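Given next are the chains, with one letter for each unit.
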Amino acid sequence: MASEAASQITIGALSAIFDETKPQVPEPIVQCVQIKTLPSPPNQPERYRAVFSDIANYVQTMIATQATGVVKDGSLRKGCFVRLTSFQSNVVKGKNILVILGLEVLTELGEAEKIGDPKPLAVKSEEEEVGQPTTISSNGFYGSKMEGAQAQPNSRAQPISAPMSTSSVHATIYPIEAVSPYSNKWTIKARCTNKSAIKTWHNKNGEGRLFSVNLLDDSGEIRATGFKEQCDMLYELFQEGSVYYISTPCKVQIAKKQFSNLNNDYELVFERDTIVEKAEEQNDIPQIRYNFTTVADLQTVEKDTTTDVIGVLTEIGEASQIVSKSTGKPYEKRELTLVDNTGFSVRLTIWGATAQNFSVTPESVVAFKGVKVSDYGGRSLSLLSSGSMTVDPDIGEAHRLRGWYDAQGRSETFTSHVSNATNSMGKRDPFKTIAQVREEQLGMSETFDYFSLKATVIFIKQDNVWCYPACLSDNCNKKVTELDPGQWRCEKCDKTYPKPEYRYVLPISVGDHTGQLWLSCFDDTGRKIMGTSADDLMQLREDDSNAFGEVFQTANCQTWNFRCRAKTDNFGDQQRVRYQVSSCQPINYSEEASRLADIIDSYSIE
C-alpha cells in the first residue's frame, strides 16, 4: 500500500508552489508527516500546524480555520495522504510557510511511515528574487493577479477624486487571515463594513486625530486605523459597503481588543506610503460576516462581551432622552425587544440618530452586528456606535426565523432574561462548597461555569487595587488618566473632567467550612459589601485613615450568598482560574433553612 501511495505523490510540487518558474500542479498530492495543535487565545478557534512532504521536500503549513474540520474529525493524521485543493505561499521569519485553505484526505491510500528522505524547502535568496514578484497559488479562491499589476512601494494613496491606476497595486492578493507581522509584500481585497467618525485624542505626549475601518473578505475580518495625515488622506476614500485593494507598506500589529470586537489577533495601521484603491469588481467579496449568539445563549456570555444577534422585532419602545449627570449632555435612546426560536426574549437599546430615526416595521427580522452584553437587571444588549443593523437580511438564519415566526412564533410565550435574573439566586445555579468548586475544576472548560456560594468574607485588600478612576460619561466607565491636577482624560469619550468617579474592582478572600477562595467583585457588588461607594471611601481615606480602616473591618466576617462565574484567564505566561461575582445577597435564613432541609432529605437514611 505504501508503494502505491508513494506513486500518487506529486514529487516536486511543493518547490514549484514557491517558484513560479517551475510547472505548477493545481491540486498536488502530499503526505502528512506531522500535525500539531497551536496555542490559541481564550474564546478563539483552535489552530493547527501540519508538515507535508512530496518526497523531495517538506514544508510547514498553517491550516486555515475553514479547513480545520478534517483535523477535528480525526481524518487528518500523521502518515495519511492528502490532496491540497486551495493554498497560498508565504515566507515567515526566513522560512517557507504554506497556508492551507482547502484539502481532501485520501483515505483510500491509507497511512504509512514517512516516505523517502525529504529535505526542507529552502527560501530563495534576494538575488534570485530581484524582479520576481511573489506568487500566491490559491487556485483563484481569493482572486487572482490584477492585470498589468506591478509593485510600486513608494506610491502614495490618493483620494477617491484622483484614483491611482491599477498598476500601482501589488500583484498578489492575500486573504486577511494570512496577514501577520511576519508577512512581507501583500495586497488584500476587502469590503469596508464599518467606518468610524474622526476622533481626536489628547495625552501627555501631544494630540492627534484618527479613524478606523473594519475590513472583510472570505477568510475573515481585520480592523485598520489611520492617524493624523493618513486620517486626512484616507477618510473620504473609504465608504461603507465598498471594496478596496490595500497594499503594503502597512503596519501589522497585535490587536487592541478594547477598541475592536473583530475575531482577529492582528490589526492594521495605515502608513505614509500605504496604497489604497477602490476595486472595480465589487461583487466577489461578501457583504458582512456575522457570529450570532442565540437569545437563550446570551445567559452564558460574559458581561461586556461584544457579539452579534438576530431575532424578530416584537416590541418597539418610544424614543426618550436621558441627560448625563456629569456633562448635562442629552442622549437619545430607544428600547427594542427581540425574540427567536429558542423561546427567549431580550431587551436591546439603540442610541443617538439610530434611535431617533428608527422606522423598522414590527415583526421584521433584524440582524445586529456589534452589540454589548450587559447583566444589569438580567441580560440585556446595547448597540455600539461601531455596530450596525440590517433589516430582513438575505441570509439563511433570517429566512429560518421568518418561517418559524410565521408558522408558530406569534403564538409562543417567551421567557425574559430579566425575569430569569430576579429568580437566579440559589435556583438557576447550583450551590457549591469551595472544595467542590476546586474538585469539579469549575472554570477549566471553554465556557463560563456558573455556581452559587455561601461564604464569609475573611479578608479585603486595602491597597490601591480595590478601585479605579472611571469616566463620568453615561455607559462608559472606562479608566481615565490624570494629565494634570484637575484634568482627568477619557480617551474613549474624548473628554476631560475635573475629577473621576471611583469604581470598585474589589478582590476579596472568602471562606466556608471546606476552604478559602479569592473572588473579584465589581462596583455594584462592592457597594453592597462595603456599605458605601468607592468615591466616598476614597474621600474617607484622605480625611480619616482610621475611619477608612474601620469600613474594611466592618465588611469582614459578613456572610453572603454569592452568584459566581469561573473562567480560565491568562496572567503573564501562566493560566489561572478567575472567579467573578455577578451578584450577592445577604442570607435569607428562611430560604437557607429550606435549602438545608432539602439537602438533608436528599440523603437515604435507613
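Quick summary incoming for the structure in this document. (Residues numbered from 1 in each chain as written. Predicted model: local features only at pLDDT ≥ 70, side-chain atom pairs only at ≥ 80, totals over all residues. Heavy atoms only, no water.)

Across its full length, the protein carries 13 helices and 32 strands. Buried positions account for 45% of the 606 residues belonging to the protein. Carbon and sulfur atoms form 48% of the exposed surface of the protein, whose accessible area is close to 30800 Å². (Helix = DSSP H or I, 4+ residues; strand = E, 2+ residues; numbered from the N terminus. Buried < 20%, exposed > 50% of the residue type's maximum accessible area, 1.4 Å probe, protein only. Areas by Shrake-Rupley, 256 points an atom, 1.4 Å probe, with all protein chains shown as cover.)

Burial analysis of strand S10 (residues 206–216) places eight of its 11 residues in the buried class, the great majority of the element. Sheet analysis places strand S8 (residues 187–195) next to S10, joined by four bridges and oriented antiparallel. Paired with Arg-191 across the two strands is Leu-216, which belongs to S10. By the bridge criterion, seven bridges tie S10 to strand S11 (residues 221–227) in an arrangement that is antiparallel. Residue pairing for S11: Val-213 is matched across the bridge by Ala-224. (Pairing = 2+ DSSP bridges.)

Because an α-helix completes one turn every 3.6 residues, residues spaced three or four positions apart along the sequence face the same direction. With 12 residues, helix H7 (residues 396–407) ought to run about 16 Å at 1.5 Å a step, and its terminal C-alpha atoms sit 17 Å apart, in line with that. Buried within H7 we find Ala-398, Leu-401, Trp-404 and Tyr-405. Down the axis of H7, the smallest arc covering the buried residues is 130°, so these residues share one side. Every exposed residue of H7 that faces more than 90 degrees away from the buried side is listed here: Arg-400 and Ala-407. Contact partners of the buried residues in H7: strand S16 (306–316), strand S18 (330–339) and strand S20 (365–374). (Expected span 1.5 Å × (residues − 1). Arc of directions from axis to C-beta. Contact = heavy atoms within 4.5 Å.)

A grouping of Ile-458, Phe-459 and Trp-518 is seen on the molecular surface, where their side chains present a nonpolar patch of about 300 Å² in accessible area. We classify Ile-458 as partly exposed; its relative accessible area is 46%. (Patch = residues over 30% accessible without salt bridge, like charges linked within 9 Å, V, L, I, M, F, W, Y side chains within 5 Å. Salt bridge = Lys/Arg side-chain N within 4 Å of Asp/Glu carboxyl O.)

All quantities given are derived from atomic positions and should not be read as evidence of function.
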